[in-house]
Amino acid sequence: PCPISGPMTRTITVAALQLALPGPVEPNIKAVTALVEAAAARGAQIILPPELFEGPYFCQVEEEELFATARPTAEHPSVVAMQALAAKCKVAIPTSFFERDGHHYYNTLAMIGPDGGIMGTYRKSHIPDGPGYEEKYYFRPGNTGFKIWEVFDTRIGVGVCWDQWYPECARAMALMGAELLFYPTAIGSEPYDADLDTSRMWRRAMQGHAVSNCMPVIAANRIGTEGDARFYGHSFIADEWGDLTQAFGASETGALVETIDLDRAAKHRAGMGFFRDRRPQLYGRLVEDV
Ligand code: PUT
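The notes below deal with the structure included here. Only a predicted model underlies this, so the values are computations on that prediction, with no experimental measurement involved.

Topic: the pairing of strand β5 (residues 118-123)
Turning to step 1, where the next piece is worked out: Note: strand β4 (residues 104-112) against β5, 5 bridges, orientation antiparallel. Looking at the pairing, T108 lines up with R123 of β5.
Turning to step 2, where the next piece is worked out: Between β4 and β5, which follow one another and run antiparallel, lie 5 residues, and G116 among them has a positive phi close to 85°.

Below, the structure is given as structure tokens:
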């Protein structure tokens, strides 16, 4: 057989950060900064902090004065801090924050590139509501549509928290060309049911996205107790088979770092034939508003 020679394997090193974020803005940003620097020192190129790391998870309650903490993208302290940090460490940082745009408020993700520039924003599409997670009070459903970005020659899709339960969102990003899926998250206990622990189904839902789209998935969640809520961590990196290659439990603070072979994933994706065998003409029901 002819030896196959070709270009070097395409790889990307990613990180998911897990930490407690109970404090006001400054200590939270400082704690995230320390973990970004540690992950970058271990070679991470795309580093994912948890959702809304600017403060405690404020959506536990409906308080009208909390709208005053939202900022336009370019002025938000998390965005400004991560821009400087990204440029210093030459890493990309998908940054979740509370955005104000005129009279509108969104749960937004700024994609910050390795030069510190804002490559664009994605506004969370699926907004949860219920005891302890009163997000519909604060956030308009996103109006950007799903987004992917090219960083370090890699196309990545980023959903925000509740988006992670929707196969449609993962599939849309995959069809747009994503090779990796990222999900910053804030999830934990459910105040209406002390016995309900959704951490295993939370993981399985996203491992399913990895399996069905044949691509790695990276999820970062907060830990710790904030008021009545206990955030359950379980941040992970899953490979293109959906297997966990890196995983935290409910209490570790740190960065999960993994080097991903993008060519290996692409080969598996082509070989499985899931994209070849799709039948979009049969999926009309998925886009009916019922
Ligand atoms: N970040 C929202 C999570 C909702 C869990 N019920």
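Picking up after the structure, the text goes on.
With respect to the sheet that holds strand β2 (residues 46-48)
Turning to step 1, where the next piece is worked out: Across the sheet, 3 strands lie side by side as β2-β1-β14; this open sheet has mixed pairing. Both outer strands of the open sheet, β2 and β14 (254-261), are each paired with one neighbouring strand and no more. Taken pair by pair, the neighbouring strands of this sheet meet at an average axis angle of 20°, ignoring direction.
Turning to step 2, where the next piece is worked out: Bridging between strand β1 (residues 11-18) and β14 involves 8 bridges; their strand directions are antiparallel. Across the sheet, the residue bridging to L17 is A255, located in β14.
Turning to step 3, where the next piece is worked out: Strands β1, β2 and β14 of the sheet are contacted by helix α1 (residues 25-41), whose axis makes an angle of about 150° with β1.
Turning to step 4, where the next piece is worked out: Running at roughly 65° to β14, helix α6 (residues 262-272) makes contact with β1 and β14 of the sheet.

So, the nonpolar core
Turning to step 1, where the next piece is worked out: Formed by 32 residues in total, the largest nonpolar core has its most connected members in F98, F139 and L181.
Turning to step 2, where the next piece is worked out: Contributions of two or more residues to this core are made by α4 (167-175), β8 (180-185), α5 (199-213), β9 (217-221), β11 (229-232) and β12 (236-238).
Turning to step 3, where the next piece is worked out: Looking at which element gives the most residues to this core, the answer is α4, with 4 residues.
Turning to step 4, where the next piece is worked out: Leaving out residues up to four positions away in the same chain, L181 has contacts with G157, A170, M173, H209, M215, P216, V217 and I218.

As for the pattern of salt bridges
Note on pairing: side chains with opposite charge can pair once their charged atoms come close.
Turning to step 1, where the next piece is worked out: Throughout the structure, instances matching the rule amount to 12 salt bridges.
Turning to step 2, where the next piece is worked out: Between R123 and E99 there is a salt bridge whose closest N-O contact spans 2.7 Å. On the criterion of sequence distance, the pair formed by R123 in strand β5 and E99 in strand β3 (residues 93-101) is long-range, its members being 24 residues apart.
Turning to step 3, where the next piece is worked out: Given the relative accessible area of 10%, R123 is considered buried.
Turning to step 4, where the next piece is worked out: The residue D197 makes a salt bridge to R200 at a minimum N-O spacing of 4.0 Å.

With respect to the site of the ligand
Turning to step 1, where the next piece is worked out: By nearness alone, every residue bordering the ligand is listed as E51, Y57, P128, Y133, E135, C161, W162, A186, I187 and E190.
Turning to step 2, where the next piece is worked out: E135 has a polar side-chain atom sitting 3.1 Å from a nitrogen atom of the ligand.
Turning to step 3, where the next piece is worked out: Protein chains shield 94% of the accessible area of the ligand, which is 240 Å² for the free molecule.
Turning to step 4, where the next piece is worked out: Along the lines of polarity and charge, the residues of the shell around the ligand split into 7 nonpolar, no polar and 3 charged.

Definitions and cut-offs
Residues numbered from 1 in each chain as written. Predicted model: local features only at pLDDT ≥ 70, side-chain atom pairs only at ≥ 80, totals over all residues. Heavy atoms only, no water. Pairing = 2+ DSSP bridges. Helix = DSSP H or I, 4+ residues; strand = E, 2+ residues; numbered from the N terminus. Axes fitted to C-alpha atoms, helices over the stretch in contact; angles between N-to-C directions. Contact = heavy atoms within 4.5 Å. Core = buried A, V, L, I, M, F, W, Y, C linked by side-chain atoms within 4.5 Å. Buried < 20%, exposed > 50% of the residue type's maximum accessible area, 1.4 Å probe, protein only. Salt bridge = Lys/Arg side-chain N within 4 Å of Asp/Glu carboxyl O. Near = heavy atom within 4 Å. Polar contact = N/O pair within 3.5 Å; in protein donor to acceptor, adjacent residues only side chain to side chain. Areas by Shrake-Rupley, 256 points an atom, 1.4 Å probe, with all protein chains shown as cover. Nonpolar A, V, L, I, M, F, W, Y, C, P; charged D, E, K, R; others polar.

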